[in-house]
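Okay, here's what each chain looks like letter by letter:
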Amino acid sequence: MKKFFIKSADRQGSCYYEFYVGTWDRKKCEFWHKDSICITDCDFYSVGLAEIVAEVIPNYAPCGITVVTKQDWDRIVQKATEIGGVTRIVVEESAEWAKQNFFHHKVFTILGI
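Keep in mind the model is a prediction, meaning the values are calculated, not measured.

Novice: How do you make sense of the overall build of the chain when you look at a structure like this?
Specialist: The helix and strand tally for the chain stands at five helices and five strands. Taking 13 Å as the expected radius of gyration for a compact globule of 113 residues, we find that the chain reaches 13 Å, a close match to that expectation. Oriented by its inertia axes, the alpha-carbon framework of the chain measures out at about 40 × 30 × 25 Å. Each of the 113 residues in the chain was classed as buried or not, and the buried ones make up 42%. Here the chain holds 14 positive side-chain charges and 15 negative ones, and the gap between their average locations is 5 Å.

Novice: Quick question: what am I supposed to make of the side chain of E18 here?
Specialist: Note on placement: E18 falls in strand 2 (residues 16-21). Although buried, E18 forms no salt bridge, and the nearest oppositely charged side chain, R11, lies 6.8 Å from it. Polar side-chain contacts of E18 include one of 3.0 Å to the backbone nitrogen of H33. The residues contacting E18, other than those within four sequence positions of it, are S8, F31, W32, H33, S36, I37, C38, T109, I110 and L111.

Novice: It is not clear to me how the packing of helix 2 (residues 49-56) against helix 3 (residues 70-83) should be interpreted in this structure. Could you clarify?
Specialist: Packed helices, taken two at a time, are described by their axes: the angle between them and the distance between them. The interhelical angle for the contact between helix 2 and helix 3, taken along N-to-C directions, is 135 degrees, at an axis separation of 10 Å. Compared by their axis directions, helix 2 and helix 3 come out oblique. Handedness of the helix 2/helix 3 crossing: right-handed. Taking contact as the criterion, the partners of L49, I52, V53, E55 and V56 in helix 2 are, on helix 3, D72, R75, I76, K79, A80 and I83. Residue composition of the contact of helix 2 with helix 3, grouped by class: seven nonpolar, no polar and four charged.

Novice: Would you mind going over the nonpolar core with me for this structure?
Specialist: The biggest cluster of nonpolar side chains holds 26 residues, and the ones touching the most others in it are F19, F44, L49, W73 and I76. Those elements that provide at least two residues to this core are strand 2, strand 3 (37-40), helix 2, helix 3, helix 4 (85-93), helix 5 (95-104) and strand 5 (107-111). When neighbours within four sequence positions are excluded, W73 is seen to be in contact with F19, V68, V91, S94, A98, F102 and F108.

What counts, and where the lines are drawn
- Residues numbered from 1 in each chain as written.
- Predicted model: local features only at pLDDT ≥ 70, side-chain atom pairs only at ≥ 80, totals over all residues.
- Heavy atoms only, no water.
- Helix = DSSP H or I, 4+ residues; strand = E, 2+ residues; numbered from the N terminus.
- Rg over C-alpha atoms; globule rule 2.2 N^0.38 Å.
- Buried < 20%, exposed > 50% of the residue type's maximum accessible area, 1.4 Å probe, protein only.
- Lys, Arg positive; Asp, Glu negative; His and termini not counted.
- Charge placed at Lys NZ, Arg CZ, Asp CG, Glu CD.
- Salt bridge = Lys/Arg side-chain N within 4 Å of Asp/Glu carboxyl O.
- Polar contact = N/O pair within 3.5 Å; in protein donor to acceptor, adjacent residues only side chain to side chain.
- Contact = heavy atoms within 4.5 Å.
- Axes fitted to C-alpha atoms, helices over the stretch in contact; angles between N-to-C directions.
- Parallel < 35°, antiparallel > 145°, perpendicular 65-115°, else oblique.
- Left-handed = near helix turned anticlockwise from the far one by under 90°.
- Nonpolar A, V, L, I, M, F, W, Y, C, P; charged D, E, K, R; others polar.
- Core = buried A, V, L, I, M, F, W, Y, C linked by side-chain atoms within 4.5 Å.

Spelled out as structure tokens, the structure:
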């Protein structure tokens, strides 16, 4: 079965959305953190995750910085589960990462392309 999310170190190229643990610090300007998970631009859109994120978070910035709260994430998971299929699979694949993130942080940050 295809794996959609990968660790930053496993990237090939730079056309990825980075799910950054916690709040991204503009001053540090750190990208591709070792604890981040990444999904390709193509997969993010083709599985419908980008559409769900944009629906749940009205200020979603595909080319910028988007903060995702636990409440936002729960709504994203719920919508993906309702859609089912590969959309649900992708969100389930990220579940353990999200659980760990929210145990330590109030948010995570999507760093766009």
